[in-house]
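Residue-level structure breakdown
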Amino acid sequence: MKIGRNDPCHCGSRKKYKKCCMEKDSLKEATRSDKTENEKELSAEFADKSDSDEIENEKELFADFPDKSDSSPDPADKFWDDFDSKDYEAKIAYFIETLNENNFGFDEIGFELMDVLYEESIRHNDRLRFNELLNMLKKIAPSIYEEGEQYYLSWSIKNLVVEKKYDQIPELAKKLARTAGKDIDNFFDVLECLLYHCQLTAIMNAIPVAKPRIQQDLNIIPSGIEEFDELALNNIIFFYLKKYPSADAHDPKLLKELQLYLDIDENLLEEYFIYITNKSNKNWTISDFQYLKISSVHNNDHSKKKTKSEHSQLDQNLLDFCAAFLGYLRHQENIPYSKGFLGSNEIRQYISFRASGYYRFQPNIHKKKFSQSAFMLIPDEKSLDNYLADLLSFFNFKYYKAAAMLEMLPSWIKFLKWHHLINA
C-alpha cells in the first residue's frame, strides 16, 4: 500500500511523511528505477508476441470496469492540502471546526495536527493560545488527547516556562510524571528543562509520582533508573538547602526522604554538603587528576598500568572537584543549584569521556606531559565539538544540558584559576 504524503511517516517519528522520509524514499525509488529500467527494456525485446495478444484481449475484456487509480482523492490528503494552504489564524479556525465536526476521522491525524500547530504557535509567539487548543482537544476528544498525553503535557509545560507562568507548572509536572513509564526520554527532557529554569517545586512534585512508574517499567534499562535516582536525590538536597540554608547532612527528615531513592552513606553525604555549600578547604593540585588517561581509543597502554583502585580514586576526585565547582557556582557566581548541577555534571561527563579515550583526542603536546598538566581539565575545541554534537543529535536532543554546559564553561576556567591550577 502506497503511503500518502500527508500520512504519518512509516519510520515511527509521528511526523508527516512529506516532512520526514519522503525525500529519502523518493531518492531510493529513483535509484531502484534506474537499475531496473535496462532490465525492463531487455525483457521487452524477448517478450513472446502471443503474450502481447493476450494482454490486448484482457484490456478489451475489462474495458468496462472502472480503473481504481482514477478514484477520488483520499479525504485526509484533501484535508492536509487545504490546511497547508491556510495562514496561521485560518489554520486554528480550521482545527476548531474539524475537531467539533470530526468529519473525516480526526483520531487518525490528531497528534500530527497538534504537532504542526505547536510549531506554528512558537513561530507566532502564541504559546498560551496553543495550550488553550490542547485543553479544547482534551475536553472534546479525550481519547485522542490521552494517546499523546505525555507529549502534550511536555509542550504545555515548556510553553508555561517560556511565558514565566511558573505557578501553573507543578500540577502539570505531576500529571506528566504519571506518564513517565511511557516515554522516559520525554520525561527526562522536561526535567532538564525545569532544572535549567530552576523550577525545583515542580520537580519535587513530579519525582515521587514518577518513581514507582519508572521502577515498574521493564522497558527502562537499569542505567535509566539510576540516572533518575541520582537526579531525584540531588534535587531533594537542593530543595532542602533552598528552604533551610544552614541544614546539615544528618537531618533525620532529609535522610528519610533520600533513603527512598538510594542507600545513603552519611559520611559521604556530609562530604558532599561541605563541597556544595562552598565550605571545603581542600587544596586541589593537578596530581589529583594526572593519572587520567588522555589518548586515542587505540592507544591504551597507559591505562593498563593503572590499578582499579587508582582509577576509582581518580573518578572520585573528579566527582568531588565538580561538587566543589557546584558550590563555587552557587556561592561565588550566584547560579542556582539546579542549573549549576546541570552544567557541572555535564562538564564532568565530558572530561571523563575524553580521558577514557571515548573521543579520538590527540593533545598537541607529549601525552605524558599533557597528562600531568592542567590541560587535563581544560576543554579542547575538537573533542568539545564532538561532545556537544552528541548532546544535540536527533536521537539524543539534550538541549538544556548543552546550553547549561556552555554557559558554565567560563566559570569553570575561573574555578581552575581560583584553585591555582592554571594562570592567566
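Our structure's up above, just so we're on the same page.
Residues numbered from 1 in each chain as written. Predicted model: local features only at pLDDT ≥ 70, side-chain atom pairs only at ≥ 80, totals over all residues. Heavy atoms only, no water.

**Observations concerning the overall build of the protein chain**
In terms of helices and strands, the protein chain carries 20 helices and zero strands. Looking at the protein chain as a whole, 44% of its 424 residues are labelled buried. Contacts in the protein chain between residues far apart in sequence, at least 24 positions, make up 68% of those at least 6 positions apart. Element-wise, carbon and sulfur atoms account for 51% of the exposed surface of the protein chain, whose accessible area totals about 24400 Å². (Helix = DSSP H or I, 4+ residues; strand = E, 2+ residues; numbered from the N terminus. Buried < 20%, exposed > 50% of the residue type's maximum accessible area, 1.4 Å probe, protein only. Contact = heavy atoms within 4.5 Å. Areas by Shrake-Rupley, 256 points an atom, 1.4 Å probe, with all protein chains shown as cover.)

**Describing the side chain of D288**
With respect to the helices, strands and loops of the structure, D288 is situated in the loop between α14 (266-276) and α15 (301-304). In contact with D288, other than residues within four places in its own chain, are K282, N283, L314 and N317.

**Some remarks on the layout of surface pockets**
Reported here for the second largest pocket is a volume of approximately 590 Å³. L233, N234, L268, Y272 and L319 are the residues nearest the centre of the second largest pocket, which is lined by 23 residues in total. Mapped by element, the contributors of at least two residues to the lining of the second largest pocket are α12 (222-243), α14, α16 (308-332) and α17 (337-355). A breakdown of the residues in the lining of the second largest pocket according to their chemical character gives 13 nonpolar, four polar and six charged. (1 Å grid on protein atoms, 1.4 Å probe; cavity = no way out; pocket = protein on both sides within 12 Å on 5 of 7 lines; lining within 4 Å. Points joined across faces, edges and corners; volume = space filled by probe spheres on them. Nonpolar A, V, L, I, M, F, W, Y, C, P; charged D, E, K, R; others polar.)

**What to know about helix α8 (residues 149-162)**
Taking 1.5 Å per residue as the helical rise, α8 with its 14 residues ought to reach 20 Å, and the 20 Å between its terminal C-alpha atoms agrees with that figure. Most of α8 is tucked away: 12 of the 14 residues are buried. Along α8, the residues classified as buried are E149, Q150, Y152, L153, S154, W155, S156, I157, K158, N159, L160 and V161. In this structure, the buried residues of α8 make contact with α5 (110-123), α6 (127-140), α7 (142-147), α9 (169-177), α10 (184-196) and α20 (399-418). (Expected span 1.5 Å × (residues − 1).)

**Notes on a negative patch on the surface**
On the surface, a cluster of negative charge is contributed by D248, D265, E266, E270 and E271. Note on placement: E266 falls in helix α14. Judged by relative accessible area, E266 falls into the partly exposed class, the value being 35%. (Patch = residues over 30% accessible without salt bridge, like charges linked within 9 Å, V, L, I, M, F, W, Y side chains within 5 Å. Salt bridge = Lys/Arg side-chain N within 4 Å of Asp/Glu carboxyl O. Lys, Arg positive; Asp, Glu negative; His and termini not counted. Charge placed at Lys NZ, Arg CZ, Asp CG, Glu CD.)

Spatial relationships are all this shows, so hold off on functional conclusions.
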